[in-house]
Amino acid sequence: MPIDWSVIVEYKAYFIRGLWTTIELTTVAVLVGLVIGLILGLMRLSRSRWLVIPAQVYVDIFRGTPLLLQILAVHFAVIPTICEEWLGVKPPEAIVSGFVALSLNAGAYIAEIFRGGIQSIEKGQMEAARSLGMTYGQAMRHVILPQAFKRMLPPLGNEFIALLKDSSLVTIISVNDITYAAFTTAKNTFERWAPYITSAAMYFVLTFVLSRFVLFLENRYRTDRQEG
Amino acid sequence: MKKLGVLILSLVFLCSFALTGCAKNNAGAGGIVKVGTDAAYPPFEKQEGDGKLTGFDIELMNAIAKAGGFEVDIQHAGWDPMLDAVKNGKLDAGISAISITDDRKKVYDFSDPYFDAKQLILVPANSNVQSLKDLKGKRIGVQTGTTGEIVVQKAFGKTYQGIKGYDDTPAAIDDLANGRVDAVVADNGVVLEYLKKLPAGKFKKVEDQSFEPEQYGIIVKKGNKELLKKINDGLKKIRENGTYKKIYEKYFGPMQ
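Rules used in this analysis
Residues numbered from 1 in each chain as written. Chains lettered and ligands numbered in written order. Predicted model: local features only at pLDDT ≥ 70, side-chain atom pairs only at ≥ 80, totals over all residues. Heavy atoms only, no water. Buried < 20%, exposed > 50% of the residue type's maximum accessible area, 1.4 Å probe, protein only. Helix = DSSP H or I, 4+ residues; strand = E, 2+ residues; numbered from the N terminus. Pairing = 2+ DSSP bridges. Core = buried A, V, L, I, M, F, W, Y, C linked by side-chain atoms within 4.5 Å. Contact = heavy atoms within 4.5 Å. Polar contact = N/O pair within 3.5 Å; in protein donor to acceptor, adjacent residues only side chain to side chain. Phe/Tyr/Trp six-rings, centres within 6.5 Å; stacked < 30°, edge-to-face > 60°. Lys NZ or Arg CZ within 6 Å of the ring centre and 35° of its normal. Axes fitted to C-alpha atoms, helices over the stretch in contact; angles between N-to-C directions.

Participant: Explanation requested: the pairing of strand 12 (residues 183–187) of chain B in the structure shown.
Facilitator: When a strand is regular, its side chains alternate between the sheet's two faces. Residues and elements named next belong to chain B. For strand 12, the tally of buried residues reaches five of five residues, placing the bulk of the element in the interior. Both strand 9 (residues 119–124) and strand 12 contribute to a ladder of four bridges, which runs antiparallel. Bridge pairing in strand 12 links Leu-122 to Val-184. Where strand 10 (residues 140–143) meets strand 12, two bridges bridge the pair, whose relative direction is parallel.

Rendered as structure tokens:
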């Protein structure tokens, strides 16, 4: 079957708008997810049960349910309830639901990456730092986190790439991302190959750039180069 | 060598999977007409809790088959898979509140029209919108790929920022209730059905005279004249013997 690329030209505005929306969504979710993840990750490592249990429950819920359902729940149930019934205002646009759902989800995965990274640093490092007179916070900031960061980079890169692709699910709540452009084009023109290949290529370019960037960071922070 | 063996074995498996997929393509065997639908569009078609398909289209298709002297097997396929399957012959026909449009006519052959539909604008009860034109600059919810979307695209441009495309009409109406869109443009049959479930007095419907009347038709694979004739004959018969009227009134009230 010949592929009719003309439909891409016809609907190019959707693809361009979709590209920016996908980049926007992923960037916000990564940044907010990092903050949520760092907080939750540290909570999980604390000695207080009152911090550990809520963080654990959060991670379990967001890692244990499908992102698609989280997006639908946030968009159609959580945000309207909070806005209309508690605050008495109109709920925001669909893209806000996308930001919220993706960030909350990313936070759960990133929390585990942080925890794993920090726990992988030998106990002696903390002991040594503390014996030098550092406070717990100082030891964390200057000794543990920099080392943990190097180990966290590959899984973080993984998570960012997964997030970029998973952001395609927000198309279900009418957010105009790359997938939305593909679906609209396919449904309106009955052409499937061209829109699907185009959207796949767009995601591929984005993930490729992202993965190279993470590789660059990994190389920069490589232990053997710095210390060797 | 061992690795190569594993590779070849997995390739063989892959191919056989692909081939079983292809084998299912041979439709029409046994004389039963395979009809696809997207059973998520009440009152035209929906799936009951036990998986049974019901709705106006389903009853109509069964009546057409009975009158036309052929057997049908109606199955839920989903909108896009249904369109695809009829296009490539996996299914013989499709009935799913499909509006007859010029674009679709290029890809499918349509039966005679069996239902007159029109687009409705649904707005909150306090809205001052009186026609499609009044929606300029506003956010409009539609079901992606439906004539509702096409109508809005025609009025405000294909890439109008305010078009919000949803997977189904109820989702668009939910967001209308939430205030995320200012109006919904969709088929009258579905809007009226969904309105029954919503609190009374919260929404109102606006009819725009500029909306072109639409008709639903049954699609068959391009060039399948034989099946098309059988369907049209059946449709004609049930219109004449009153069966059509009976089914229509069951779902939509007295026929005008």
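Participant: For this particular structure, what's the right way to read the sheet that holds strand 3 (residues 45–47) of chain B?
Facilitator: Two modes of strand pairing occur in sheets, parallel and antiparallel, and in both the strands are linked by backbone hydrogen bonds. Residue and element names in this part refer to chain B. Reading across the sheet, the three strands line up as 2-3-4 and stay open at both edges, with antiparallel pairing between neighbours. Every interior strand has two partners, whereas the edge strands, strand 2 (40–41) and strand 4 (53–54), have only one. Sheet topology places strand 2 next to strand 3; two bridges connect them, and they run antiparallel. Residue pairing in the sheet places Tyr-41 in a bridge with Glu-45 of strand 3.

Participant: I'm lost on the nonpolar core in this one. Help?
Facilitator: Across soluble globular proteins, nonpolar side chains show a tendency to be buried alongside one another. Grouped together as the largest cluster of nonpolar side chains are 34 residues, with contacts concentrated most on Phe-56, Tyr-114, Phe-115 and Ile-231 of chain B. Mapped onto this core, the elements with two or more residues apiece are strand 1 (32–37), helix 2 (56–68), strand 8 (115–117), helix 8 (225–240) and helix 9 (243–252) of chain B. Considering each element in turn, this core owes the most residues, seven residues, to helix 2 of chain B. Ile-8 and Tyr-14 of chain A together with Ile-140 and Val-206 of chain B belong to the second largest nonpolar core, which has 29 residues in total.

Participant: I would appreciate a short explanation of the environment of Tyr-108 of chain B in the present structure.
Facilitator: If you trace the backbone, Tyr-108 of chain B turns up in strand 7 (residues 108–110). You can call Tyr-108 of chain B buried: its relative accessible area is 1%. The sequence separation of Tyr-108 of chain B and Ile-219 of chain B amounts to 111 residues, and the corresponding C-alpha distance is 6.0 Å. In this structure, Tyr-108 of chain B is in contact with Phe-190 of chain A together with Leu-83, Asp-84, Val-86, Lys-87, Ile-219, Val-220 and Lys-222 of chain B, ignoring residues within four places of it in sequence. One polar contact links the side chain of Tyr-108 of chain B to the main-chain carbonyl oxygen of Leu-83 of chain B, over a distance of 2.6 Å.

Participant: What am I meant to see in the packing of aromatic side chains here?
Facilitator: Each aromatic ring pair is described using two quantities: the centre-to-centre distance and the angle formed by the ring planes. Within this structure, the stated rule accounts for 25 aromatic pairs over all chains. Aromatic pair Phe-149 of chain A and Tyr-221 of chain A: ring centres 5.6 Å apart, planes at 85°, arrangement edge-to-face. In this pair, Phe-149 of chain A is assigned in helix 7 (residues 136–166) and Tyr-221 of chain A in the loop between helix 9 (193–220) and helix 10 (223–227), connecting sequence segments 72 residues apart. By relative accessible area, Tyr-221 of chain A is classed as partly exposed at 28%. Put simply, the rings of Tyr-41, Phe-44, Phe-56, Tyr-114, Phe-115, Tyr-216, Tyr-244, Tyr-248, Tyr-251 and Phe-252 of chain B pair up and form one aromatic cluster. Its guanidinium or amino end placed over the ring of Tyr-14 of chain A, Arg-17 of chain A lies 5.1 Å from that ring's centre, counting from NZ or CZ. The ring centre of Tyr-244 of chain B lies 4.5 Å from the NZ or CZ of Arg-239 of chain B, which sits over that ring.

Participant: Explain the side chain of Thr-26 of chain A here, please?
Facilitator: Residue position: Thr-26 of chain A is located in helix 2 (residues 12–45). Note on Thr-26 of chain A: relative accessible area 5%, which makes it buried.

Participant: It is not clear to me how the sheet that holds strand 15 (residues 219–221) of chain B should be interpreted in this structure. Could you clarify?
Facilitator: Residue and element names in this part refer to chain B. Taken in spatial order, the five strands of this open sheet run 5-1-6-15-7, and their pairing is mixed. Of all the strands in the sheet, the pair left with one neighbour each is strand 5 (71–76) and strand 7. Where strand 7 meets strand 15, three bridges bridge the pair, whose relative direction is antiparallel. If you follow Asp-109 over to strand 15, its bridge partner there is Val-220. On top of the sheet, helix 3 (residues 79–87) reaches strand 1, strand 6 (93–94), strand 7 and strand 15; it is set at about 40° to strand 15, its chief contact.

Just distances and angles here, no functional claims.
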